[in-house]
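Each chain is listed here by its residues.
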Number of protein chains: 4
Amino acid sequence: MSSAFNGGVSFVVFGESHGSGIGIVLDGLPPGEKIDLEKTGVFMARRAPRKDGTSTRREESDVPEILSGLYNGKTSGTPLCAIIRNAGQRSADYEKITRGNVLPRPGHADYTGHIRYGGHNDARGGGHFSGRLTAPLCFAGSVCGQILERRGVTTGAHIYSVGNAEDEPFDPVCVSENELNAVKARYLPLLNAEKDDEMRRIIGRAQKNGDSVGGIIECCAVGVPAGVGSPMLDGLENVIARLIFAIPAVKGIEFGAGFAAAKMKGSRNNDEFYVKDGEVLTKTNNHGGILGGISSGMPIIFRAAVKPTPSVALPQKTVDLSDGTEAVIKIAGRHDPCIVPRAVPAVEAALNVALLSLM
Amino acid sequence: MSSAFNGGVSFVVFGESHGSGIGIVLDGLPPGEKIDLEKTGVFMARRAPRKDGTSTRREESDVPEILSGLYNGKTSGTPLCAIIRNAGQRSADYEKITRGNVLPRPGHADYTGHIRYGGHNDARGGGHFSGRLTAPLCFAGSVCGQILERRGVTTGAHIYSVGNAEDEPFDPVCVSENELNAVKARYLPLLNAEKDDEMRRIIGRAQKNGDSVGGIIECCAVGVPAGVGSPMLDGLENVIARLIFAIPAVKGIEFGAGFAAAKMKGSRNNDEFYVKDGEVLTKTNNHGGILGGISSGMPIIFRAAVKPTPSVALPQKTVDLSDGTEAVIKIAGRHDPCIVPRAVPAVEAALNVALLSLM
Amino acid sequence: MSSAFNGGVSFVVFGESHGSGIGIVLDGLPPGEKIDLEKTGVFMARRAPRKDGTSTRREESDVPEILSGLYNGKTSGTPLCAIIRNAGQRSADYEKITRGNVLPRPGHADYTGHIRYGGHNDARGGGHFSGRLTAPLCFAGSVCGQILERRGVTTGAHIYSVGNAEDEPFDPVCVSENELNAVKARYLPLLNAEKDDEMRRIIGRAQKNGDSVGGIIECCAVGVPAGVGSPMLDGLENVIARLIFAIPAVKGIEFGAGFAAAKMKGSRNNDEFYVKDGEVLTKTNNHGGILGGISSGMPIIFRAAVKPTPSVALPQKTVDLSDGTEAVIKIAGRHDPCIVPRAVPAVEAALNVALLSLM
Amino acid sequence: MSSAFNGGVSFVVFGESHGSGIGIVLDGLPPGEKIDLEKTGVFMARRAPRKDGTSTRREESDVPEILSGLYNGKTSGTPLCAIIRNAGQRSADYEKITRGNVLPRPGHADYTGHIRYGGHNDARGGGHFSGRLTAPLCFAGSVCGQILERRGVTTGAHIYSVGNAEDEPFDPVCVSENELNAVKARYLPLLNAEKDDEMRRIIGRAQKNGDSVGGIIECCAVGVPAGVGSPMLDGLENVIARLIFAIPAVKGIEFGAGFAAAKMKGSRNNDEFYVKDGEVLTKTNNHGGILGGISSGMPIIFRAAVKPTPSVALPQKTVDLSDGTEAVIKIAGRHDPCIVPRAVPAVEAALNVALLSLM
């Protein structure tokens, strides 16, 4: 299936931004796991549009309805389907661009989707390629996260950077469960709360200019036992990367030292082993908790690069697909000047699915 | 299967570094495609150890034997199996570390593989996690590449950087088939041949110090028509990333502007459309030829970060897994001071498989 | 995914008999295919309970709601989700057996599902194992069938036997598109309409006795070109069989001469080739249109054995899973005395999915 | 992959009858399992041609070479590759039919394979469709069987019938481990040894007449705990059927009462539950140990219909594919007059893979 992941945990995401609804079928969950739908709501609210200037004001009613797979508040073991109705779309916003199949927006999948599906896809608001499709992913991530928690695994993510403003990074050796939980509760998920103002200023300025700005998200898991993952194609890096690139706007991923490792000497990049309380650990964590695709027991750490929201208010050149002439498009709707804060839970969700799938 | 890829083209890689042999079963190839085994040999020779100081001198006899799937020099349509015998391993080198299951080498998968398989895996020389397993991948990449060529697609890769030395990047808009073919023929695959000396110096210095150095590989495909790839989990980015992380030592991947996009404004990162001779093109190519996981018709460009070879001659701290005490390991064998040049064809191979699989 | 099929066409079925709803996500459909939902309704009505004595009178509102994947009446190319709400269940009927997790009904999956899911599954009315889950399969089958029709493929099925009463078989060489379409329109899908009375009598008698009766369904496709299917695990027989056994109550399948071939000599069972109007055909069709898993161009024919409905009114011995004691169960609800007529479209649906998936 | 099975245990089979070699890559085996290659040889010998009149005298050297995945006699956990060289083929036999791509043999996959692969496949001796490809399946079945044995599961199969001669069936309730092991040791695997003569006579007569004869194989597993299998598409019936139809010549499969259930009343076909020593059992076993695709703890029983060997010495009509004219073919080589005895271990092997994969 084209929008599906198959593993120990499997899912397929369906829906279009302006169709009847979107949703997910999630399978492979162990039976008898209590799922707290209030917690799921809190997780998904982190992805919802902010009420301030940092994101779009389009109202999204993202409360999922569970059709199957939950029984008496617990996973039944059979496929879990959750659907989210589409509502409140200001279709006037999309008037001029009724269809991305006519005037493809630069930086969006309008043009490539049009070619891929011979013009038959529902391109309104991005259709199946819309960032809205990360809502079901967040639902899945929350469900998997609750199960992981009971197995001693905690995950979390923060805004590593927006434009040129940088948060503090996770300490790759000492990052703790508490830190990961604390950062989730923040409006802008930052480790260093003093960076909040700077980030807002950068986002606000982009918005005022009819522009947008990108950033980097750093994500981490602690409590993953050594030995999770399989060689070559089903390692943690392969699976996490495959899931992370399901999030629109992600253009890069690096694990541990990542691209910085390319400049290091081996003697510095290698993480030496030692023993503490009978446990094998490494003194540094340039490997990001993964060697040969398999977890080492150290914190799993990766960063994902998020491009600036392609929907900008400034006029942009495009092509009228109905007649092949060049045209100018001005995107009228309200759009996120920076998608990074809302992408944070989606990145965390992808990690949760990957981990539960491989454990 | 744990070392397998499933798609339009599928494969499974098998073997251990010091077992009887390694190989691949490759399936999904269109029938009737002529495969020039001489060309396959040339491709694989690019991965073979160099005769100079830039790589290990262990002799590898990497001429694959085809057991099935080729008939009268053409693909038969049924699974193609190629095997490569293991020979020439200087087992004395591995004497002290007879088994990575006892003294895991830092930066290698010895420790994680040991835990994953309960100590039952063949860890000699890295076993199934050895870089040697990229030989079958290169074989598959060459086969797929020959078929892609007939469909107008050319791929190529070069050393983007080694340590702090940088080659020129591909021109993301104008890169040509000729350029891609030319760089393959070079001993060190560099666009700017004048960088050759500097790179060798860096690698040579690392070797003299008993150390190693990492780098970045840039890879490109031209001639891919618009519309290749599927949304969310089966997009070009998902599939390429999944395959690239099958190459040991890769710790990051970025498409188009990649991590640099995180610092850009949307107005600059977006690639505007225009029409030329009836074809829809973009003036810039920050999207790396991929929007929403689907090809736009522009060159596909990505970079992979390669960590420094973990096998360094310097003594390193580790843990003796037989008794849980701390120990020091000194890796005696001859090892690549820089794996980057030999990883170049593996990266190209991964792209070839991804492209043919999705086309 | 556990209730999923992956191929050229893929789907996952979700839901439980007495939960909020059931449904399907269907993917891999070619974009731009017009889907007539009225035809889909007619197909699904063939599966619906009959208003006479041959089936249960429980009202099922099986009109699916399409959430995604259809745009302007055509397939969009992205995953199609259809849901069907559960309603009208007479929960009083299930009072004593509130949960198959307590008093498993003989012949049902109550006991095995209970063990499989550690008692956490929703076993009311059979839960995820209910025959009701064939409704989404029929939906998928109708969608695929409409697309197949445009490619010149027609499928159909009839009641081959009920108890000891037998219909005429399809002529394996001459069966025509018209015949296949005609039999679908009949209340009891029989080739020989004169058998109608006998079949009803057998079913009626079983019902009067608080009992049930099984039968055999014969299914056929004409217009399938030669060359469809792949060797060993992905042949037509493998794929059709895998899908047919998704229908509860099916306990056997045979292709062409099937079990009768086991008694034949090779000289009689082999179908000799001849040429007619430049086309290669066989004079007989004991191979059921499939050789080596691949279509020969002759009609594809198979039969599926359907066991008698396990829900009978007579008291049956079972075990109280709450305390491990033996018990007697009397199933009070209204149940089909013979599931065969309603299973006919499900069998046809499975064939449609298999064929479109492999073409 | 086209000749591949994916599950808890996965494999891909490769090779052509007259190419360099055939083999299998088997993955998903638990690490650390001792594999006795002598036992594997005994299992495969059961599939080898008999030295008497019941099978072909072509010599097959079916001793597999293990290339990977076994370390110190135990499974390493990484993919296990076994190859078998092709040798001793009397190519003169295939002279006239150098290629099934020219004169397709009735009842074989020559014609369908030719169309499927556009004439590019290696059709000599059946190529990838040859019964010889069941040798790797038997290897896999033996490996899985040794692991199953340690988990308390025993499987076995016997000749249920050849032509009109029938062996005794397994007692579906009381069949024992000992019985299953005993029948394997017999030259013709029959429960009632007195049937040996009759079977040989039937096979001998067919051979003398230049003809062949089919039969039915019954297969059983005892010791499978309740709860193995998943609903709808991944139930035991789906998976076993998919694997069994990988064996050339199988045209039907039925579980438990199978086709006979179609004539039964529900009150007779249902297997009532009772308790014995705290275990839930059924008094009868018409369900063949499977309800809703999931094991009940009772013996798993199924029968597979095997068509008569399509290679008969009698002249047969076919079509010359090189010019489209009708032709007569006379198959000169030595061929099995009855493939049933040699197919018995292949059926058992398929069950072993299915069971280990789902457990």
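Residues numbered from 1 in each chain as written. Chains lettered and ligands numbered in written order. Predicted model: local features only at pLDDT ≥ 70, side-chain atom pairs only at ≥ 80, totals over all residues. Heavy atoms only, no water.

At the interface, 96 residues of chain C touch 96 residues of chain D. Counting across the interface, chain C meets chain D through four salt bridges. With six residues, strand β11 (residues 250-255) of chain C is the largest single contributor of residues to the side of chain C that touches chain D. Its residues assigned to classes, the side of chain C that touches chain D comprises 47 nonpolar, 31 polar and 18 charged. (Contact = heavy atoms within 4.5 Å. Salt bridge = Lys/Arg side-chain N within 4 Å of Asp/Glu carboxyl O. Helix = DSSP H or I, 4+ residues; strand = E, 2+ residues; numbered from the N terminus. Nonpolar A, V, L, I, M, F, W, Y, C, P; charged D, E, K, R; others polar.)

Each copy superposes on the other: chain C lies on chain D with an RMSD of 0.0 Å after a rotation of 180° and an axial shift of 0.0 Å. One copy is carried onto the other by what is essentially a two-fold rotation axis. The overlap is high: 100% of the interface residues of chain C also sit at the interface in chain D, so the same surface is used on both sides. (Least-squares fit on C-alpha atoms with pLDDT ≥ 70 in both.)

Here the focus is the packing of aromatic side chains. One pass over the full model with this rule turns up 18 aromatic pairs over all chains. The interplanar angle of 45° and the centroid separation of 5.7 Å between the aromatic rings of B:F255 and B:F302 together place this pair among those described as tilted. Taken together, the positions of B:F255 in strand β11 (residues 250-255) and B:F302 in strand β16 (residues 300-306) put the pair 47 residues apart, joining distant regions of the chain. Judged by its relative accessible area of 0%, B:F255 falls in the buried class. Taken together, the aromatic side chains of A:F245, B:F255 and B:F302 make up a single cluster linked through ring pairs. When the ring centre of D:F43 is taken as origin, the NZ or CZ atom of D:R46, which lies over that ring, is 4.9 Å away. One Lys or Arg, D:R303, reaches over the ring of D:Y160 and ends 5.6 Å from the middle of that ring. (Phe/Tyr/Trp six-rings, centres within 6.5 Å; stacked < 30°, edge-to-face > 60°. Buried < 20%, exposed > 50% of the residue type's maximum accessible area, 1.4 Å probe, protein only. Lys NZ or Arg CZ within 6 Å of the ring centre and 35° of its normal.)

What follows concerns the interface of chain A and chain B. If you look at the interface, chain A gives 96 residues, while chain B gives 96 residues. Counting the surface lost from both chain A and chain B, the interface buries some 7600 Å², and carbon and sulfur atoms represent 62% of this. Seen at the junction of chain A and chain B, the total is four salt bridges. A salt bridge links B:K251 to A:E237; the nearest nitrogen and oxygen atoms lie 2.8 Å apart. Looking at which element gives the most residues to the side of chain A that touches chain B, the answer is strand β11 (residues 250-255) of chain A, with six residues. Here the side of chain A that touches chain B is composed, by residue class, of 47 nonpolar, 31 polar and 18 charged. Where β11(A) lies against β11(B), three bridges are found, and the strand directions are antiparallel. Residue pairing for β11(B): A:E254 is matched across the bridge by B:G252. (Buried area = accessible area lost by both parts, 1.4 Å probe. Pairing = 2+ DSSP bridges.)

Residue and element names in this part refer to chain D. Spatial ordering of the open sheet is given by β1-β2-β3-β7-β4, a layout of five strands whose pairing is antiparallel. Since the sheet does not close on itself, it has two edges, and those belong to β1 (4-5) and β4 (65-68), each with one partner. With three bridges joining them, β4 and strand β7 (residues 80-85) adopt antiparallel strand pairing. Its bridge partner being in β7, E65 is matched across the sheet by I83. Strand contacts of helix α3 (residues 134-150): β2 (10-15), β3 (21-27), β4 and β7, with the helix running at about 30° to β3, the strand carrying the most contacts. (Axes fitted to C-alpha atoms, helices over the stretch in contact; angles between N-to-C directions.)

Bringing helix α3 (residues 134-150) of chain B into the picture now. Residue and element names in this part refer to chain B. Taking 1.5 Å of rise per residue, 17 residues should cover 24 Å, and α3 covers 24 Å from first to last C-alpha, within 8% of that figure. Taken across its 17 residues, α3 has 15 buried, putting it largely inside the fold. Positioned one or two residues after α3, G152 has a phi angle of 85°, which is positive. (Expected span 1.5 Å × (residues − 1).)

Attention now moves to the confidence of the model for chain A. The share of residues in chain A with pLDDT of 70 or more is 94%, and the mean pLDDT across the chain is 93. Listed scores for the predicted complex are pTM 0.96 and ipTM 0.96. (pLDDT = per-residue confidence, 0-100.)

With that settled, consider a negative patch on the surface. Residue and element names in this part refer to chain A. Taken together, the side chains of E168, D171, E179 and E194 present a region of like negative charge at the surface. Structurally, E194 is set in the loop between α4 (177-184) and α5 (196-208). The class for E194 is exposed, based on a relative accessible area of 72%. (Patch = residues over 30% accessible without salt bridge, like charges linked within 9 Å, V, L, I, M, F, W, Y side chains within 5 Å. Areas by Shrake-Rupley, 256 points an atom, 1.4 Å probe, with all protein chains shown as cover. Lys, Arg positive; Asp, Glu negative; His and termini not counted. Charge placed at Lys NZ, Arg CZ, Asp CG, Glu CD.)

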